[in-house]
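Structural description and commentary
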Amino acid sequence: MSDDVRGLLGRAAEGAGRPVISTEAVFAKAARVRWRRRAAVSAAAVCTVAAGAFVVPQLTSPAHDTPQTSSVASSAKAPGATDRAVRLARLLPSDVGTVEEVSFADIIKHASPVPPEPPRTGPLDGQYAVRRDGGVGYLTVDVMDAAAVRKKLGNSDPAADLCKPDKGAPARTDCVREELSGGRVLTIWSDAMDYGEGATPQWGPELTAQLMLADGSLLGVRDSTGFEADEVQGPLLKNPPLTRTQLRELMLRTELLPTG
């Protein structure tokens, strides 16, 4: 028997009696299965419809006008990306983390080249990564004028109570609907994003908010813990970037709405 064969047999014998799959591999596989159960809608579909060109004065108290000091970075290629990230960060709590404008077409779909910047109705419309405590969550801001809302919703009533189940669909979790002054309606709910297996990316839990304005326009914000996919910017946050109270305050900021 050659020395090479003896060496191979010796190394094989050293592994005899050991489990073929390590404990670490078992836990890793279990984790992957759990995450596969949390499927996501596409990046475009899950972005909530949002508000248009109706601005209600004095939606917030003067105390909210004090600029915040959140750290800001930006990797988005659009010329106004850094400026938008800075302006959004000023509206957020100072300890929210580092705010960076991103493109889901880039970080999720890996489009090459990155498509041109889409039309924006609101001054801060966009997709933003929030880095904190080693994780990465996301905020999306989307303003939609009344005509766009009608086109998107079709025959659905834009003023319908989102907290009531529609056509057999499950009720939204922790859904709160507020009727505010000036004909505005604010609705905030939780979404575990647990829709079964099969879709990529796999989004983590989030808060979603919609503000219906009197002219039929909408402001929508997603407050997400992040997503899992083959390529990610970082692990999920333990909680959404903003608490429910902080998200409500952001929804009432006129800086998110078009002027004039």
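Mean pLDDT over the protein chain: 76, with 68% of residues reaching 70 or higher. Across residues 1-69 the pLDDT falls below 50, and counting only partners more than four positions away or on other chains, this stretch makes 123 contacts in the model.

Time to look at the pattern of salt bridges. Counted under the stated rule, the structure contains nine salt bridges. The residue Arg177 makes a salt bridge to Glu179 at a minimum N-O spacing of 3.0 Å. A cluster of three or more residues bridged by salt bridges with shared partners is formed by Arg84, Glu101 and Arg120.

Judged by pairing direction, the sheet is antiparallel, and its seven strands sit side by side in the order S1-S2-S3-S8-S7-S5-S4 without closing on themselves. Every other strand in the sheet has two partners, leaving strand S1 (98-102) and strand S4 (173-179) as the edge strands with one partner each. Sheet twist, expressed as the average angle between the axes of neighbouring strands with direction ignored, equals 15°. In this sheet, strand S8 (residues 218-224) lies alongside strand S3 (residues 135-144) in antiparallel orientation, the contact comprising seven bridges. For Val141, the partnering residue across the bridge sits in S8 and is Val221. Its contacts with the sheet place helix H7 (residues 244-251) against S4, strand S5 (185-191), strand S7 (206-212) and S8, and it is angled at close to 145° to S5.

Across all of its chains, the model carries one disulfide by this definition. Disulfide partner of Cys163: Cys175, at an S-S distance of 2.0 Å. With the S-S bond torsion at -75°, the cross-link from Cys163 to Cys175 turns out left-handed. Of the two residues, Cys163 sits in the loop between helix H6 (146-153) and S4 while Cys175 sits in strand S4, which places them twelve residues apart along the sequence.

All right, on to the pairing of S1 then. One face of the sheet, then the other: side chains in a regular strand alternate in exactly this way. Of all five residues in S1, four are buried; the element is thus mostly enclosed. Strand direction decides the pairing type here: S1 and strand S2 (residues 126-132), joined by five bridges, are antiparallel. The residue bridging Glu100 from the neighbouring strand is Ala129, located in S2.

The next point concerns the nonpolar core. Taken as a class, soluble globular proteins show a tendency for nonpolar side chains to be buried jointly. Core analysis: the largest hydrophobic core is formed by 29 residues, its most contacted members being Leu88, Leu92, Leu219, Leu247, Leu250, Met251 and Leu256. Elements that contribute at least two residues to this core include exactly helix H4 (81-90), S2, S3, S5, S7, S8 and H7.

Buried residues of H7: Leu247, Leu250 and Met251, and no others. On an axial view of H7, the arc spanned by its buried residues comes to 100°, and they lie on one face.

Our focus in this paragraph is the packing of aromatic side chains. With the rule as written, the count across this model stands at five aromatic pairs. Measuring from ring centre to ring centre gives 6.2 Å for Tyr138 and Trp203, while their planes differ by 80°; the resulting arrangement is edge-to-face. Of this pair, Tyr138 sits in strand S3 while Trp203 sits in strand S6 (residues 202-203), and the two are 65 residues apart along the sequence. Assessed through its relative accessible area of 0%, Trp203 is described here as buried. Grouping aromatic residues by their ring pairs yields a cluster made of Phe104, Tyr138, Trp203 and Phe227. Note that Arg172 overlies the ring of Trp189, its terminal NZ or CZ placed 4.7 Å from the centroid. Sitting over the ring of Trp203, Arg222 keeps its end group 4.3 Å from the ring centre.

Criteria and thresholds
- Residues numbered from 1 in each chain as written.
- Predicted model: local features only at pLDDT ≥ 70, side-chain atom pairs only at ≥ 80, totals over all residues.
- Heavy atoms only, no water.
- pLDDT = per-residue confidence, 0-100.
- Contact = heavy atoms within 4.5 Å.
- Salt bridge = Lys/Arg side-chain N within 4 Å of Asp/Glu carboxyl O.
- Pairing = 2+ DSSP bridges.
- Helix = DSSP H or I, 4+ residues; strand = E, 2+ residues; numbered from the N terminus.
- Axes fitted to C-alpha atoms, helices over the stretch in contact; angles between N-to-C directions.
- Disulfide = S-S within 2.5 Å.
- Buried < 20%, exposed > 50% of the residue type's maximum accessible area, 1.4 Å probe, protein only.
- Core = buried A, V, L, I, M, F, W, Y, C linked by side-chain atoms within 4.5 Å.
- Arc of directions from axis to C-beta.
- Phe/Tyr/Trp six-rings, centres within 6.5 Å; stacked < 30°, edge-to-face > 60°.
- Lys NZ or Arg CZ within 6 Å of the ring centre and 35° of its normal.

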